[in-house]
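Here is what each chain is made of, one letter per residue.
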Amino acid sequence: MKSSYLVALAGNPNTGKSTVFNALTGLKQHTGNWPGKTVLLKRGTLRHQGNTYEIVDLPGTYSLSASSPEEEAAREFITLGDPDVVVVVVDATCLERNLHLTLQILQLTHQVVVCLNLMDEAEKLNLRLDPSRLEAELGVPVVPTAAVTGEGLQDLKDAIARTAQGQLTPQPNPVNTDEEQPTAALYRRAEEIAALVVGNPPEPGTGFTARLDNLVTSRAFGIPFMLVLLGGILWLTISGANYPSEILAKAFFKVEAYLDLLFTKLNFPTWLHGVLVLGMYRGLAWVVSVMLPPMAIFFSLFTLLEDLGLLPRIAFNLDPYFQRAGANGKQALTMAMGFGCNAAGVTAARIIDSPRERLVAILTNNFMPCNGRFPILIVMGTIAAGSVARPGAGFTPALIVLGAIVVSVLAALIASKLLTATILRGESSFFILELPPYRLPQVGVVVVRSFLDRTLAVLWRAVVVAAPCGALTWVLANVSVSGATLLAHLSSWLHPLGSAMGLDGVILLGFILGLPANEIIIPIIFMGYLSANSLMEVQGLAAIQEILTNHGWTWLTALNFMVFAIFHWPCATTLLTIKKETGSTKWTLLSALLPTAFGVILCVLLARIVKLWAV
Amino acid sequence: MTLADLTRGQWGVVEMVSAEAVLRQRLFDLGLVPGTLVQVRFIGRKGNLAAYYVRGSVLALRRSTAQQVLIRSEGDSR
């Protein structure tokens, strides 16, 4: 008898399949609340009573009819991957549709265990399910579970083990699909079984989800509600991040003072102190103290909304505009992902079936300001609002950032329209979106998970890039050729273009050197400014404001800086992801050119208008 | 009549799906096979997208898709 087995985990989207997977394998990862989130096959290991089970998480699908890459992958694994057991995770609150997939899988293999999940929610809805009846009707083991609380998981492990080892032999009752359309026949049978198993069928239009949907999707309040929600998140992020940012900055500069002492004591040369402390360390300190607090707060809040199930509703509300732009409503979902990270948004575009519409979503994703660019908007918004001195007063900056986001969404729609009217013309494909029930997220888990999985991952990438870039910037600012520093040469060379755009040479240089990660644009600009002066310690936003004013910044500079922060080329990681996803250098180049053109034109126009105004 | 002709809260029974093969299979997979009872849950902005109650789930379809699902109206109650 063998001691290691292969187990496939199948099921509809939104059945808590990822939670079951995590609970079985102990792997930390994100559970999504929208269809098709799991595209790649995730693997994990379960050890149970001395045996090893390799668990493969198949993509969440509604069927195995192979009309999408996910369905094809799931079907292929079940038929060709030779799993010892297929666990079908079934949503107890939506039995009919979930049983259709179960019956389809039973036509391919008999080695099936049904995990009747979300029993806790079914109980709340008072559906009165009879798992043993379901077992009798299907002819395979059925294990009721509530994966979130861990209920029934031990039984599930036992059922998997016994089925894999042949102690349990499932004998599914066949469904006759000869006489009518096979899908219709399976649904007819699913309907029969559900009628026998569910004691008290749900009444549509009742319950929490229906009541909340009446507000969230209403024609009058839907979009205002979304804006208020986003504004609230930004307000919490901005006012919540202020204080920890300041504490972190102070701590970092305290450490810097010790480093200075150490370098002096060890008699290290000035240039080494410059590269390592003033370059690398300061770059790092900047990125961490400016980026970490808003990122940690924003990612947590955003993950909460995601787990609550709000994102599909946002796609629902925005679809008319996307349709008019010749794009797919699911693009709203990929854009929402882009808020977190554009590379993630580009990958998420896989949920769009039509290749043409998917390309539109990929090419325009960078129009959404990602988390690396958020702090630019927040810092500029805070300075512009003049609310630096009052910690917690994040209302005006939140409004400014909200406005910036509305502009970026509009620009993404315009860019999509441009693409679909010219090089990506074609018929609008179909768009079907499930609106899953709202689920109250587990707040503690979400905060920890979003911090570990998202915040630290993004921050780590920024830190890795910030250190060498900080060193490079210091070198540029301190190595002189023919009477001026390299940085001065470069920025004065860029200055004509910069000033035509209402910016300056140092800012443009910051954007160019910031290609590896948007997080380091602000630190580079400040190092550029500060290296010309005697070095000063940067503590908090008040100091930032003073430095900027000293370098000739006006409100137009701040405005255009925000504009160009939103509309410029994607960071290197996103560009590589676009190259990987499209497999084309041409599209990758276009994805960089498109937002940059928007940014340059907009900045030049704004600068011109303001100049005319002033005369 | 088609699914797109129903107003909010009204019920219908699917008689036939006239869409091209890929879309028809997709709608079938989601439960919209002939004989299925459907209710309009709510209709979105500009009447472009509507959400339907189908076999315990809520699906949003564009108007152009809903027009390809032929139904028999059941009125306000099932």
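Residues numbered from 1 in each chain as written. Chains lettered and ligands numbered in written order. Predicted model: local features only at pLDDT ≥ 70, side-chain atom pairs only at ≥ 80, totals over all residues. Heavy atoms only, no water.

Asks: How do you make sense of the overall build of chain B when you look at a structure like this?
Replies: When its secondary structure is counted, chain B shows 2 helices and 5 strands. Traced from its N-terminal end to its C-terminal end, chain B shows the element sequence β-α-β-β-β-α-β. Compactness check: chain B gives a C-alpha radius of gyration of 11 Å against a globular reference of 12 Å for 78 residues, within 12% of the reference. Across its three principal axes, chain B shows a C-alpha extent of roughly 30 × 25 × 25 Å. Scored against the burial criterion, the 78 residues of chain B give a buried share of 59%. Once local pairs closer than 6 in sequence are excluded, the contacts in chain B between residues at least 24 apart make up 61%. (Helix = DSSP H or I, 4+ residues; strand = E, 2+ residues; numbered from the N terminus. Rg over C-alpha atoms; globule rule 2.2 N^0.38 Å. Buried < 20%, exposed > 50% of the residue type's maximum accessible area, 1.4 Å probe, protein only. Contact = heavy atoms within 4.5 Å.)

Asks: When you look at the interface of chain B and chain A in this model, what are you seeing that I'm missing?
Replies: Interface size is commonly expressed as the accessible area that is lost once the parts come together. If you look at the interface, chain B gives 36 residues, while chain A gives 46 residues. In total, chain B and chain A occlude about 3600 Å² of area from one another, counting both sides; carbon and sulfur atoms represent 54% of this. The largest share of the area that chain B buries against chain A comes from Arg45(B), Arg55(B) and Arg62(B), three residues that together contribute 23% of it. Notably, a salt bridge pairs Arg55(B) with Glu96(A), separated by 2.6 Å at the nearest N-O pair. Of all the secondary structure elements, the ones that give two or more residues to the side of chain B that touches chain A are helix H1 (21-29), strand S2 (37-43), strand S3 (49-54) and strand S4 (57-62) of chain B. A total of 7 residues in the side of chain B that touches chain A trace back to one element, the largest contributor, which is H1(B). (Buried area = accessible area lost by both parts, 1.4 Å probe. Salt bridge = Lys/Arg side-chain N within 4 Å of Asp/Glu carboxyl O.)

Asks: In this structure, what is going on with helix H15 (residues 374-385) of chain A? I would like to understand it.
Replies: An α-helical turn contains 3.6 residues, so any two residues separated by three or four positions project in the same direction. All names here are of chain A. The end-to-end C-alpha separation of H15 is 16 Å, in line with the 16 Å expected for 12 residues at 1.5 Å each. Most of H15 is tucked away, with 10 of its 12 residues classed as buried. Of all the positions in H15, only Phe374, Pro375, Ile376, Leu377, Ile378, Val379, Met380, Gly381, Thr382 and Ile383 are classed as buried. (Expected span 1.5 Å × (residues − 1).)

Asks: Explain helix H9 (residues 222-265) of chain A to me, please; I cannot follow it from the model alone.
Replies: Residues and elements named next belong to chain A. For H9, which comprises 44 residues, the first-to-last C-alpha distance of 63 Å matches the rise-based estimate of 64 Å (1.5 Å per residue) to within 8%. At Asn242, H9 is bent by approximately 30 degrees, the largest bend along its length, and proline Pro244 sits one to four residues beyond. Note on H9: the residue one or two positions beyond its end, Asn267, has a positive phi of about 60 degrees. (Bend = angle between axes of the 7 residues up to and from the residue.)

Asks: Just checking my understanding: could you explain the pattern of salt bridges for this structure?
Replies: Side chains that carry opposite charge are capable of pairing whenever their charged atoms lie near each other. Evaluated as defined, the whole model comprises 19 salt bridges over all chains. A salt bridge links Arg439(A) to Glu121(A); the shortest N-O distance between them is 3.0 Å. Within this pair, whereas Arg439(A) is found in the loop between strand S7 (432-434) and helix H17 (443-478), its partner Glu121(A) is found in helix H4 (residues 119-124), the two being separated by 318 residues in sequence. Residues Arg439(A) and Glu121(A) agree in their burial class; the two are buried. Across the pair Arg62(B) and Asp319(A) runs a salt bridge, and its minimum N-O distance is 2.8 Å. With Arg62(B) in strand S4 and Asp319(A) in helix H11 (residues 311-324), this residue pair bridges two chains. The buried category is assigned to Arg62(B), whose relative accessible area is 1%. By relative accessible area, which is 0% here, Asp319(A) ends up buried. Because the salt bridges share partners, they merge into one network encompassing Arg133(A), Glu137(A), Arg189(A) and Glu192(A).

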